[in-house]
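# A closer look at the structure
Residue-level listing of the chains:
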Amino acid sequence: MSNTINRRNLFKSVLNKFKKNQDSGDPLFEKYSRKIFNGRRYQSNTKSKNSGFTDRVVPVSSGLSPYTGIWEKSQVLHLLRRTGYGFKKSDVDTLLALSMTNAVNAVLNVNTTPPSPPVNSYNNYSPDESSLPYGADWTTNPLPSGTNTTNSRRIDSLSQWNFGLACNQDLTIKEKMTWFWYHFIPVDFETVRTAPFSYAGSNSCRILYTYMKMFRDNPLGNFKTLIRTMATQPAMMYYLNNQANTKTSPDENFAREIMELFTLGKDPLSQYTEVDVVQAAKVLTGWRVVNLNTATPSTNFDNTYHETSNKQFSSFFNNTIINNAGASELDAFINMIFTKSQVVSEYICRRLYRYFVYYDIDATIESTIITPLAQTFVANNWEIAPVLDQLFKSQHFYDMANRGVYIKSPFDLVIGSLRTFNLNYTVADQTNFEAQYKVWNYYNNSISSGLEQTMGRIPNVSGWVAFYQNPSFHEYWINSNTTQKRFDFLNRIFNGYNLTYNLLTTRIEVDLIAFIQQFDPAICEDPDLLVAECIAYLLPIDLSATQKEQIKIQSLLSNQTTNSYWTSAWSLYLSNTSNTTYKNSVKTRLKSLLVTLTQLAEYQLM
Amino acid sequence: MKRRSFIKTSTLATIPLALNGIPVMASSSIESNALDILANAAVSCGKILVIIQMNGGNDGLNTVFPLDKWTNLNNARSNILMNQSSVLPLANNTTTGIHPAMSDLKNLHDNGKLMIVQGVSYPNPSYSHFRATDIWFTASNSNQDLDSGWLGRSLDKIYPGYPIGYPNSDMPDPLAIQIGSTLPFSLQGPNINMGYSVPDPNSLLNVINQITDPAPNSDYGAELTFLRLMKDQSNVYRAAIQNAFNTTQAQSATYPSSNKLGDQLKIVAKLINGGLQTPIYIVNHPNTSDLHSAQVDVTDKTQGAHANNLSILSQAINAFQQDLELMGKSNLVTGMTFSEFGRRIKSNGSLGTDHGAGAPVIFFGAALNTGPSSITSQNPVSGMIGSSPNLPLNATTSDQVAMQFDFRQIYSSIMQDWLCMSESQTTDVLGGSFTKLALFKNTALDTVSFESDTFFSVYPNPITENTININFKDSLNGYVNVQLFTIQGTKFFNKAFRVNGNTLKFSPDHSMASGIYILELEYNTYKFHTKVIVS
C-alpha cells in the first residue's frame, strides 16, 4: 500500500498549510474520512482496495444520452444548485415552466455583457491615494508607485465585488463557471500583490481585475483561446513567475504548471517529461508585463530576454521541435500541447465532472461519461459550451446516484443560503458603497473564510484541495475546525443579527413567513404539505415519512399531534398580519422547522 | 447578616466583616471576593433542574383529585370519573389524592419527595396550545409577546456572553440539555438558543425519537454518514457528554421497559452521575396530554389513555429518583412537570376534556420543602402548596379551575432558591417581581450543621504557622465558604474560596492566639463544623 502512504503524507502536508494548531492532520478527519479509512465501516463492501480512489458504492451505468425522465422541481433544483449558488424560488418557477432542454439552454445562455466594475468603497477610512472619488470605478485608474495602501484596498474591494456578483447572480451558470475557471487556473491575489517587481505593488489590483474579467466575460468560450490569453495575462505572469523567466536563468514554474495543472494534468496518459518542462521554460522566455503604471498594462514580447535555441520536446510530443521564432513560439507551444487532444480533453472533462457532478470517477464513468465528453470537446474544437450542454442534458446528470452526493463548498453553503433564504446581502442604500462592500466582505472574509474558501485566496496554484486532492476530495471541506462553523452560520441566520457599517445597519435574519409564502397558500396551511415542501426545496433527498412526521410534530405542532393546531394558528395570522401575537405564534414554529431542517447533515449536501 | 442573603444581594453595599469594629480584611479584598462570589454563585451553584414537558394540557383534576370536593367533581364529570375509593390518598393530606396509576409518586409524596403546587395559571389565560406554550416558555403576560425563553434569559444571566468564550474552565459543559431534537423556545436566549440537543449517546446517529433516518446504502448515504459523524464528533461538548455518560455508576436503578420518558431520564441520570455541570435538563413525555376524547376506558375509568400517560410519568420519575439516591446526588436535583394549561372542570361528551386553565404543577426530589417543620401558611399540609381547587356544585363548560398561584411565582422560586440567582436577576428575567413559594428546603444555614469528619478534616491540628490546611475527602470543584469563630461565638473570619481538588490552605490575616476556635465550612448549602486548635 505504498501509494496510500505517499498520498497520506501528501495529504498531511497539504492540510498542514491551512491548519492552524494541528500537529499532523486533523484527527477527526483522519478518523472518519471514508477514503482514508478505506471505507471499511462506512461503506458497503466495494471493489478492490488498491485503486487510487474507491469505486462508487452502487455502480452508475447511466450515460450521456439525453435525459427523458420527469422534469419537476427536484430535477430543476438539482440543475440550479449545481450550476449556481443556492437557488431563488423564482428561478425554479421559471425553469419548471420550460422543458428540460430549454431549461438547460437557459442556464447556459450566459449574458456576456460585463458587469459594472468595482468602485472606491474605501475612501471614508482610507482616502484614495490618487484622489479617485468615493464610488468611482478604479479599474482604469493607474496608481503612482508607492500607493500600496490604496492598491490593497482595491484588491479587497475586488474580492468583495466578486462575492457580490455571485450573490446577485441570475439563473445562468455565469458566476459558477467563473469560479470553475478560477479554481482551475487561479492566481492568489495576495501573492500577486506582493510580487517583487517594480510597479506591481501599486497596480496589481487592476491586473487582478483583468484576470477575473478574462473568465467572467466569456465563461463558456473556447478553452484553447483561454489558455493562450491566460498565458500572457499580467497577473499570471507575476503569479507563476514567467515575468522573471529569462534566457540566462529560466524559471520553470509556469512552464510546468501550464502543462501539469492547466492542460495535460497528471493522470496516467499524461507523460510529459522533465525535458519538456525545461524546453517549455525556454519557449516562454521573453514575455514581460509593461505599462503597468498606465491605464492599459499589457504583456509584450521582448527578444532581449528570449532564449533563441530550437526547443526539442520529448517523444510524448512526438519529438516536436519548436524553432526559434520569437513571440509565435508560445502559440506553437500551445498548439503542440493541444495536439495531445485526448489527454487534454479528458483531463478537462474530469475537472468539469468533479466540479459539477461528483468527485468519484470510477472505471465505468470514465468510459461512459468522461471519454465521450472529451470527444465532444475535441470535436467542437475546444468550445466548452457543447460539453456542458451534453453533460447537463444527460441521463447521468439526473441519475439518482448523483443526487445529494456533493458536499456543498463553502461558497455553495454561504452564498447558497444567503440567496435561498433571501437575506439582506444587498444593503438598503445603494449609494453607501462602503456598507455594501463591507457586508460582502463579512461573508467572504469572515464566514466563508472560516470555512476555508475565500474569493481571491487560494492555498497554492493547485487551487482548493477539495476539487482535486485524491483520495478525499470534497470531504476536505469538513474538518474539526470547519464543521461546527457551518452549523453555527446557519443557526445564526435564523436567530438574526445586525451588520452595521458606515452608519447603515442591515438586519440579517431569515424572514420565515415570507419564505414559506413563496409556496402555495394551500401548502402553507397544511403542516404535512408544508414540511414536505420545505424538505423538497432545502434537502436533496426526501426524508422518510416517519422523520417528516416527527419534524412536523416537534416543530409546527409544538409536540401535539393535531394538524389543525397549525392550520388555525396560520389562518389566525393571515386574518390579521399586523397582530404581533399571531405573528409570533407562527414565526416560532416556522423557525423551529427551518432550523431543524438546516441543522441536519443532509443540508450540507446537494 | 445571613450569608445566604450576602450572596444574593447584587449591590455591593455589603457589610464589611469586622471583629470588634476592626475589619478582618481590607475592604477591597472583601469586595473582590464578594464580586467573585456573586459572579460565580450561580455558576458554582451545583443545582440541577429537570423539566418534564407534558405537551397538550394535562388534566389536573384527573391527576391530583380534590377528595374534599368529590360531589362537585362527580357532578361535573361523572362520565370519566373513577370511584372515589380508587383514588390513592396522600399521607397527612385529607383533601387530596392522586391517580392510582401513580402509586410510585404517592410513595414519593409520603416520603417527603413530592410537592404539589395547586392551581397554577396566570391572569387572562390562553386556551390555545401554541399561545399558552409560548406564554409558559417565555414567562410573558397573557397580552405580551417576548422573543426569548425564561430559561434562556436566566442562563444568559448566569453565563453571560454565551456562546462566546464557552466552554471554559468554569463552565465546561452545556448550559442546558434536552434529550431529543428540536430545541424548545423556553431555552431561547437573547441571541441564540442556549440549549444543546443530546441524542442517545449510545448510538451517535439515532435520536431518541427516531428522528434521523438511517443512511441508505449509496454514495449519498456514505457522504451523509461522514457528515453526521463529523458534526457529532466535532461538537465542543461531545467529549464532556461522552465522558459523563460513560462514567461508571456503582449502582443504578431499574428503569421501566418500553417507557420513552424513562429512557430519556436514564440518560439524564447518567450525565448527572458523570458530573456534568449542566443545570437544566428538559425531557418530553412521549404522549400528548391533549385528550379531548377517550381519556378513560369506559369499563374501567382508572384505565385508559390518561392513566397510561400518568403511569409512564410516575414509573419514569420513580426510577429516576431512585437512581439519584443511589448515586448520592438526590440533594442536587429537583424535577418538575410542565403543561401549558389544565383542562375544563366539566368533561365533554366524548369521554374527554377540553382546554382549561389552572392545574397543579408537580415537583419531585429530595430537596423539597416537605416535612413537619416546613408547614407555613402557604402549606396547609406537607407536600402541597395551595389548597384543593374549589369547584362549583354544578360546573358548566365555562367554569375553570381557579388560579391560586402565577406560574411565574414558581419560576421565581426556582431561579432564586434553586438556581442561586439573585433577586434582581430574577426580576430582570421575569420582567417583574413575583412572590416566591416555599418550594425548597431552607438551607442548612438555619438548621443543621454537621460534624465534619465525613466531609473534611483539618491537619495538622493543632495548626502551625497560623495556617489552616483542609483536606476534603472527595475532590471538589466549586466554592466553599469558611468562617472562623472564637469559642465565645464571635466571628472573625469569613471568606469564600474556589476549591478544585482535595485541599484548601489559607491563613487568617491576623495571628490567632492560642486557644480553641470553631471553623465552619459551607458547601452546596450544607454546613460543617470542626474545632481548630492553636497551641
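Residues numbered from 1 in each chain as written. Chains lettered and ligands numbered in written order. Predicted model: local features only at pLDDT ≥ 70, side-chain atom pairs only at ≥ 80, totals over all residues. Heavy atoms only, no water.

Another aspect to go through is a nonpolar patch on the surface. Together, Ile-487, Ile-516 and Ile-533 of chain B make up a nonpolar patch on the protein surface, roughly 240 Å² of accessible area in all. Within the fold, Ile-487 of chain B resides in the loop between β17 (468-486) and β18 (491-506). (Patch = residues over 30% accessible without salt bridge, like charges linked within 9 Å, V, L, I, M, F, W, Y side chains within 5 Å. Areas by Shrake-Rupley, 256 points an atom, 1.4 Å probe, with all protein chains shown as cover. Salt bridge = Lys/Arg side-chain N within 4 Å of Asp/Glu carboxyl O. Helix = DSSP H or I, 4+ residues; strand = E, 2+ residues; numbered from the N terminus.)

Inspection of every chain in the model, using the stated rule, returns 63 aromatic pairs over all chains. On the numbers, 5.5 Å between centres and 35° between planes, the contact of Trp-570 of chain A with Tyr-573 of chain A is tilted. Remark: Tyr-573 of chain A and Trp-570 of chain A occur in helix α26 (residues 564-575); sequence separation between them is three residues, near one turn of the helix. The same class applies to Trp-570 of chain A as to Tyr-573 of chain A, namely buried. Seen from the ring of Tyr-305 of chain A, Arg-288 of chain A lies directly overhead, with NZ or CZ sitting 4.3 Å from the centre. Over the face of the ring belonging to Phe-130 of chain B we find Arg-589 of chain A, whose NZ or CZ atom lies 4.0 Å from the ring centre. (Phe/Tyr/Trp six-rings, centres within 6.5 Å; stacked < 30°, edge-to-face > 60°. Buried < 20%, exposed > 50% of the residue type's maximum accessible area, 1.4 Å probe, protein only. Lys NZ or Arg CZ within 6 Å of the ring centre and 35° of its normal.)

A word on helix α13 (residues 274-284) of chain A. Turning to α13 of chain A, its buried residues are Asp-276, Val-277, Gln-279, Ala-280, Ala-281, Val-283 and Leu-284 of chain A. Buried residues in α13 of chain A make contact with α12 (253-260), β1 (287-290), β3 (311-312), β4 (321-322) and α14 (328-339) of chain A. (Contact = heavy atoms within 4.5 Å.)

Once that is clear, we can look at the packing of helix α7 (residues 174-184) of chain A against helix α15 (residues 341-356) of chain A. Residue and element names in this part refer to chain A. Two elements in contact, α7 and α15, have axes whose closest approach is 11 Å; the angle formed by their N-to-C orientations is 125°. The orientation of α7 relative to α15 falls into the category oblique. Along this stretch, α7 crosses α15, giving a crossing that reads as right-handed. Of the residues in α15, those touching α7 at Lys-176, Met-177, Trp-179, Phe-180, His-183 and Phe-184 are Tyr-347, Ile-348, Arg-351, Leu-352, Tyr-355 and Phe-356. (Axes fitted to C-alpha atoms, helices over the stretch in contact; angles between N-to-C directions. Parallel < 35°, antiparallel > 145°, perpendicular 65-115°, else oblique. Left-handed = near helix turned anticlockwise from the far one by under 90°.)

Before going further, it helps to examine the interface of chain A and chain B. The interface of chain A with chain B comprises 59 residues on the first partner and 42 residues on the second. Together chain A and chain B conceal approximately 4,200 Å² of surface at their shared face, both sides included; 58% is due to carbon and sulfur atoms. Linking chain A with chain B are three salt bridges. Between the two partners, chain A and chain B, sit 16 residue pairs in polar contact (both at pLDDT 80 or more). (Buried area = accessible area lost by both parts, 1.4 Å probe. Polar contact = N/O pair within 3.5 Å; in protein donor to acceptor, adjacent residues only side chain to side chain.)

Turning to the nonpolar core, a few remarks are in order. Among the nonpolar cores identified, the biggest contains 204 residues, and Ile-185, Phe-223, Phe-262, Phe-333 and Tyr-443 of chain A are the most heavily contacted of them. At nine residues, α15 of chain A tops the list of elements feeding residues into this core. Phe-223 of chain A has contacts with Trp-181, Phe-184, Phe-262, Phe-338, Val-344, Ile-348, Phe-377, Trp-382 and Ile-384 of chain A, leaving out every residue within four places of it along the chain. Judged by nonpolar contacts, the second largest core, of 99 residues, contains Ala-132, Phe-320, Met-327 and Met-384 of chain B. (Core = buried A, V, L, I, M, F, W, Y, C linked by side-chain atoms within 4.5 Å.)

The next subject is the packing of helix α19 (residues 410-420) of chain A against helix α21 (residues 482-495) of chain A. All names here are of chain A. One can describe the packing of α19 onto α21 by two numbers: an axis separation of 11 Å at closest approach and a directional angle of 0°. Comparing their axes, α21 and α19 come out roughly parallel. In this structure, α19 contributes Pro-410, Leu-413, Val-414 and Ser-417 to the contact, and α21 contributes Arg-486, Phe-489, Leu-490 and Ile-493. A breakdown of the residues in the contact of α19 with α21 according to their chemical character gives six nonpolar, one polar and one charged. (Nonpolar A, V, L, I, M, F, W, Y, C, P; charged D, E, K, R; others polar.)

On to the sheet that holds strand β5 (residues 88-90) of chain B. Two strands in a sheet stick together by hydrogen bonds in their backbones, pointing the same way (parallel) or opposite ways (antiparallel). All names here are of chain B. Strand order in the open sheet formed by three strands is β4-β6-β5, with antiparallel pairing between adjacent strands. Strand pairing shows two members of the sheet lacking a second neighbour, β4 (64-66) and β5, which therefore form its edges. Each adjacent strand pair in this sheet contributes to an overall mean axis angle of 45°, direction not counted. Across three bridges, β5 lies against strand β6 (residues 93-98) in antiparallel orientation. Residue Leu-90 lies in a different strand from β6, and its bridge partner there is Asn-93. With respect to the sheet, helix α4 (residues 103-110) is in contact with β5 and β6, its orientation differing from that of β5 by roughly 15°. (Pairing = 2+ DSSP bridges.)

These figures come from the coordinates and say nothing about function on their own.
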